[in-house]
Amino acid sequence: MGAELGRRSLLRGGLLLATGAAAGAAGGVAGGAALASSLGSSMPDGGAPGSAGSVAPGGAPGSAATVASGGLGASTAAVPAAGRQPGVATPPGAHAVYRAFLLREGTTAAKLRGWLALLGDDIERLMSGRPVLGDVEPELGEAPASLTITVALGRGAVTRAGVEAPAWLAPLPAYKIDKLEERWGEADVLLQLTCDDPLTLAHADRVLQRESAPFATVAWVQEGFRYARGARPDGTTMRNLFGQVDGTTNPVPGSEEFEGVVYRSGAGPFGDGSTSLVLRRISMDLDLWDEVDRSAREDAVGRTLKDGAPITGGVEKDEVDLAAEKGGWPVVADFAHVRRARPAAAGEKIYRRGFNYNNPGASGADRAGLLFVSFQADPVKQFHPIQARLAELDMMNEWTTPVGSCVFWVPPASARTAAEGGFPGDVLFA
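Worth saying up front: this structure is predicted, and the values here are computed from it rather than measured.

Draft legend 1. Spatial organisation of the overall build of the protein. Assigned secondary structure in the protein consists of 11 helices and 13 strands. Out of the 430 residues belonging to the protein, those deemed buried represent 53%. Summing over all exposed atoms, the protein offers an accessible surface of approximately 17300 Å²; the carbon and sulfur share of this is 55%.

Draft legend 2. Spotlight on the pattern of salt bridges. By the definition in use, this model includes 14 salt bridges. Across the salt bridge formed by arginine 229 and aspartate 196, the nearest N and O atoms sit 3.0 Å from each other. Here aspartate 196 lies in the loop between β5 (189-195) and α6 (198-212) and arginine 229 lies in the loop between β6 (216-225) and α7 (256-262), a separation of 33 residues in the sequence. For arginine 229, a relative accessible area of 24% translates into the label partly exposed. Residue aspartate 196 is classed as buried on the basis of its relative accessible area of 12%. Salt bridges here are not isolated pairs; linked through shared partners, they connect Glu181, Arg183 and Asp366.

Draft legend 3. A look at the side chain of threonine 150. Within the fold, threonine 150 resides in strand β4 (residues 148-153). At 2.5 Å, the side chain of threonine 150 forms a polar contact with the backbone oxygen of proline 86.

Draft legend 4. Geometry of the confidence of the model for the protein. The predicted model of the protein has a mean per-residue pLDDT of 85, with 82% of residues at 70 or higher. The model gives residues 1-70 a pLDDT under 50, and that stretch makes 184 contacts with residues more than four places away or in other chains.

Draft legend 5. Spotlight on unusual backbone geometry. In the Ramachandran plot, alanine 145 falls in the positive-phi region, its phi being about 50° despite a non-glycine side chain. Tracing the backbone shows alanine 145 in the loop between α4 (109-128) and β4. Phi at serine 146 is positive, roughly 60°, even though this residue is not glycine. One can find serine 146 in the loop between α4 and β4.

Draft legend 6. Highlighting the nonpolar core. The biggest cluster of nonpolar side chains holds 60 residues, and the ones touching the most others in it are Trp115, Leu126, Leu147, Ile149, Leu153, Val158 and Trp409. Discounting chain neighbours no more than four positions away, the residues touching leucine 153 are Leu116, Val158, Leu169, Asp188, Val189, Phe408, Trp409, Pro411 and Leu428. With 25 residues, the next largest nonpolar core counts Trp220, Phe258, Leu279 and Val373 among its residues.

Draft legend 7. Layout of α6. Between the first and last C-alpha of α6 there are 21 Å, a value that for 15 residues agrees with the 21 Å anticipated at 1.5 Å per step. Along α6, the residues that are buried comprise Thr200, Leu201, His203, Ala204, Asp205, Val207, Leu208, Arg210, Glu211 and Ser212.

Draft legend 8. How the structure looks around the pairing of β4. Among the 6 residues of β4, 6 are classified as buried, and the element is accordingly described as predominantly covered. Neither face of β4 is left uncovered, since the one carrying Thr148, Thr150 and Ala152 and the one carrying Ile149, Val151 and Leu153 both have all their residues buried. By the bridge criterion, 6 bridges tie β4 to β5 in an arrangement that is antiparallel. By the bridge assignment for β5, alanine 152 is matched with leucine 190.

Parameters at a glance
Residues numbered from 1 in each chain as written. Predicted model: local features only at pLDDT ≥ 70, side-chain atom pairs only at ≥ 80, totals over all residues. Heavy atoms only, no water. Helix = DSSP H or I, 4+ residues; strand = E, 2+ residues; numbered from the N terminus. Buried < 20%, exposed > 50% of the residue type's maximum accessible area, 1.4 Å probe, protein only. Areas by Shrake-Rupley, 256 points an atom, 1.4 Å probe, with all protein chains shown as cover. Salt bridge = Lys/Arg side-chain N within 4 Å of Asp/Glu carboxyl O. Polar contact = N/O pair within 3.5 Å; in protein donor to acceptor, adjacent residues only side chain to side chain. pLDDT = per-residue confidence, 0-100. Contact = heavy atoms within 4.5 Å. Core = buried A, V, L, I, M, F, W, Y, C linked by side-chain atoms within 4.5 Å. Expected span 1.5 Å × (residues − 1). Pairing = 2+ DSSP bridges.

Have a look at this one:
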């Protein structure tokens, strides 16, 4: 009871109801005194295949398990010992929201710690279908529908915490194909939410935005979607709005390759269990694409539209035969996407986890496209070489334009539950 009273004494609806010290006295969440010391005495001014996972009581976000397919009551497994936040290896939900924040000027390191602790407790509750304390619409979150929520931090947040950011946590190099818009640029904190039910997703997003208002302003919001759960067999590769099978060549979560490609290693906050997230907003010219015949579309990619199989023959998961020729000419042209994206050296691999976006009432770059999301241990060594080759000659550049780009660090999951004072990013404050 004391923990609940302490929790209620914090923040609801963006209003300060009591100081962190009072919350500690009431036995508030995250160990009461620990959270009180994080918040200080004042606030800033104003404002996929898988099986059903169980939720460890009070478990911190982080999962080596998979989430259920189809059941709206399915919760995401919280396994602190795995050292992994959800939303990376877990199967993507049908819907996604990426909400980025800029820290308010008055958000000190102590208050940043308090905000992350607050988010950590909310995330545990939302993913398990339990209401956050003080929620006035708890019924909206009763069916978690494989909801995953991932906390990622930009260079600004790491610096604000008083820690030197690694060199790779910075904007990507400029590419000649880019027409980047500032409104989709770098930010301090990113929340990635994916879910099979848009109502559950909207509720979770609203709760977290409300909790965050005293600490940060919203920089941008990007929404995306994949196949609806149940529309295709589990494990079916998504299609983008060009009709292409998108993401065939991808490390398999849980495999040794996946671990090496995605997760960092070593000591310190940017080591074991952490990864990087690259988000590129790519506008797709659907009208111009409509003018291209089917064979030309397939040549541009190097895969068939029917099932994503290589145009050199076989089925979707077969290797593309880049040496194949027909009449003395390469079957897969130099400009084909599969040739340009193929790793040219060891270590040039990433894990893709993108979503489509579509805004029927918009025009131009806002109309439709792809939220290209990738996870990798080091974006400079792994993502940049691939993107540089694509920018140089990829035929798909005729119909696509990157308009947004940002890089974030995804901290490991805490080894402690929220009740024990753990939260995503607590390694920065150790």
